[in-house]
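Residue-level listing of the chains:
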Amino acid sequence: MNKNKIICPCKKVTKGDILDAMKNGALTYKEVKKETGAGSKCGHCKEDIKKFIKKHKEDI
Ligand code: FES
């Protein structure tokens, strides 16, 4: 996985940022949003982020 890949262009949040937030205990979209700001502007990244969390939950 390319951790530098941006998953939320509005807030310039990368996959690595989401993973870090997950490691800090944010395991839902809502918590990740609060922690990183991802999804707090246009919201278009919402489904991608949800999928990402689901996919990587077990690896944390
Ligand atoms: S792309 Fe994430 S809020 Fe716009």
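Residues numbered from 1 in each chain as written. Predicted model: local features only at pLDDT ≥ 70, side-chain atom pairs only at ≥ 80, totals over all residues. Heavy atoms only, no water.

Some points on the overall build of the protein
Inference 1: Helix and strand counts for the protein stand at 3 helices and 2 strands.
Inference 2: Going from N to C terminus, the protein has its helices and strands arranged as β-β-α-α-α.
Inference 3: Across its three principal directions, the C-alpha atoms of the protein cover 30 × 25 × 15 Å.
Inference 4: Out of the 60 residues in the protein, the part that is buried amounts to 33%.
Inference 5: Within the structure as shown, the protein displays about 4,200 Å² of accessible surface, and the carbon and sulfur contribution to it stands at 47%.
Inference 6: Charged side chains of the protein number 16 positive and 8 negative; the gap between the two group centres comes to 5 Å. (Helix = DSSP H or I, 4+ residues; strand = E, 2+ residues; numbered from the N terminus. Buried < 20%, exposed > 50% of the residue type's maximum accessible area, 1.4 Å probe, protein only. Areas by Shrake-Rupley, 256 points an atom, 1.4 Å probe, with all protein chains shown as cover. Lys, Arg positive; Asp, Glu negative; His and termini not counted. Charge placed at Lys NZ, Arg CZ, Asp CG, Glu CD.)

Re the nonpolar core
Inference 1: Ranked by internal contacts, the top residues of the largest apolar core, which has 15 residues, are I18, M22, V32, A38, I49, F52 and I53.
Inference 2: Taken together, the elements giving at least two residues each to this core come down to β1 (6-8), α1 (15-23), α2 (29-36) and α3 (46-56).
Inference 3: In terms of residue count, α1 provides more of this core than any other element does, 4 residues in total.
Inference 4: If near-sequence neighbours (up to four positions away) are discounted, I49 is found in contact with I7, I18, Y29, V32, A38 and G39. (Core = buried A, V, L, I, M, F, W, Y, C linked by side-chain atoms within 4.5 Å. Contact = heavy atoms within 4.5 Å.)

Considerations on a positive patch on the surface
Inference 1: Side chains of K30, K33, K34, K46 and K50 sit close together on the surface and give a patch of like positive charge.
Inference 2: Residue contributions to the positive patch peak at 3 residues, all from α2.
Inference 3: If you trace the backbone, K33 turns up in helix α2.
Inference 4: Look at K33 and you get partly exposed, because its relative accessible area is 32%. (Patch = residues over 30% accessible without salt bridge, like charges linked within 9 Å, V, L, I, M, F, W, Y side chains within 5 Å. Salt bridge = Lys/Arg side-chain N within 4 Å of Asp/Glu carboxyl O.)

Notes on the layout of surface pockets
Inference 1: In this structure, the largest pocket spans a volume of roughly 150 Å³.
Inference 2: Contributing to the lining of the largest pocket are M1, I7, K15, D48, K51, F52, K55 and H56.
Inference 3: Per-element tally for the lining of the largest pocket: the top contributor is α3, with 5 residues.
Inference 4: Looking at side-chain class alone, the lining of the largest pocket contains 3 nonpolar, 1 polar and 4 charged residues. (1 Å grid on protein atoms, 1.4 Å probe; cavity = no way out; pocket = protein on both sides within 12 Å on 5 of 7 lines; lining within 4 Å. Points joined across faces, edges and corners; volume = space filled by probe spheres on them. Nonpolar A, V, L, I, M, F, W, Y, C, P; charged D, E, K, R; others polar.)

Topic: α1
Inference 1: Within the sequence span of α1, burial applies to G16, I18, L19, A21 and M22.
Inference 2: The inward-facing, buried residues of α1 abut β1, β2 (13-14), α2 and α3.
Inference 3: Phi for G25, located one or two positions after α1, is positive at around 105 degrees.

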